[in-house]
Amino acid sequence: MNEIVIVDQAAMNRALTRISYEIVEQNKGIEDLVLIGIKSRGIYLAERIASKLQKNEGVTVPVGELDITLYRDDIHIADIDREPTLHSSNIPVEIKGKNVVLIDDVLFTGRTVRAALDAIMDYGRPKKISLAVLVDRGHRELPIRPDYIGKNIPTALNEQISVKVTEMDGMDNVSILKP
């Protein structure tokens, strides 16, 4: 595959900064706010946004980690013999009545977000759930749209988006992988 870097470290930082300001504006502050990152890269993005909120607002916003493995609708019967790899979810606060911002790296078909919504409901009923994504690449299969978008990157179905974060990959960038 041919890899083309389209978002570098500085652009990613600017996008996350903008998202953090938009979260404050749309929620009229950060009272009752909880950030929940979808494993795995969404967690690191959520932590970075929380850090920006701490710096700008002077308040620590709780950050949770959500594993959606068991909520996915694309685990096929043929895969039933293989156990899915489970990672733990960690939601450090009660989310009932809170404004939850669900954070992921890439929004594509919407199926990951649907699974995350199901998983969140097992922890309680938030007042509101918003969606923040670093990249929206289009091609939705479900009626899901993000409230906060770092970058819209229209893609062809045969292309892939690769998000790298320093915490996992040793660098920050977003690339398109073309066949």
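Every chain begins its residue count from 1, and numbering advances along the sequence as written. Local features in this predicted model are restricted to residues whose pLDDT is 70 or higher, and side-chain atom pairs enter the listing and the counts only when it is 80 or higher, whereas totals over whole chains, interfaces and linings include all residues. The side-chain numbers reported here are obtained from all heavy atoms of the structure, hydrogens and water having been left aside.

### Structural notes on the nonpolar core
Inference 1: One finds Leu35, Leu134, Val163 and Val174 to be the most contacted residues of the largest nonpolar core, which totals 29 residues.
Inference 2: Counting from the N terminus, the helices are the DSSP runs of H or I reaching at least four residues and the strands are the DSSP runs of E reaching at least two. Among the elements of the structure, helix H1 (9–26), strand E2 (33–38), helix H2 (41–57), strand E4 (99–107), strand E5 (128–136), strand E7 (160–164) and strand E8 (173–178) are those that each provide at least two residues to this core.
Inference 3: Working rule for contacts: check all heavy atoms of both residues, and any pair within 4.5 Å makes them a contact. Once residues within four sequence positions are removed from consideration, Leu35 is found in contact with Ala46, Ile49, Ala50, Leu53, Val61, Pro62, Val63, Gly64, Val101 and Ile103.
Inference 4: If you look at the next biggest cluster of nonpolar residues, it comprises 18 residues, including Ile91, Leu131, Val133 and Ile144. Residues grouped as a nonpolar core are buried Ala, Val, Leu, Ile, Met, Phe, Trp, Tyr and Cys residues, joined through side-chain atoms within 4.5 Å. Throughout, exposure labels follow a simple rule: accessible area from a 1.4 Å probe, protein chains only, divided by the maximum for the residue type, with under 20% read as buried, over 50% as exposed, and the rest as partly exposed.

### Some details on the pairing of E2
Inference 1: In terms of burial, E2 is largely enclosed, as 6 of its 6 residues are buried.
Inference 2: Alternating residues of E2 divide into Leu33, Leu35 and Gly37 and Val34, Ile36 and Ile38, and every residue in both groups is buried.
Inference 3: When E2 meets E4, the two strands line up parallel, connected through 5 bridges. In the sheet register, Ile36 faces E4, and the bridge partner there is Leu102.
Inference 4: A clockwise path from the first strand over the helix to the second, with the strands pointing away from the viewer, defines a right-handed crossover. Since E2 and strand E3 (residues 63–66) lie parallel, the crossover through H2 that links them has a hand, and here it is right-handed. We call two strands paired when DSSP finds no fewer than two bridges between them.

### What about the packing of H1 against H2?
To characterise two packed helices, one gives the angle between the axes of the helices and the distance between these axes.
Inference 1: Between the N-to-C directions of two axes lies an angle of 0 to 180 degrees, each axis being a line fitted to C-alpha atoms and, for a helix, fitted only over the stretch in contact. In contact at an axis separation of 9 Å, H1 and H2 are set at 60° when each is read in the N-to-C sense. Crossing of H1 over H2 shows right-handed handedness. Along the contact surface, H1 presents Met12, Asn13, Leu16, Thr17, Ile19, Ser20, Tyr21, Ile23 and Val24, while H2 presents Leu45, Arg48, Ile49, Lys52, Leu53, Asn56 and Glu57. Here a crossing is taken to be left-handed if its near helix is turned anticlockwise relative to the far helix by less than a right angle, and right-handed if that turn runs clockwise.

Structural measurements only, silent on function.
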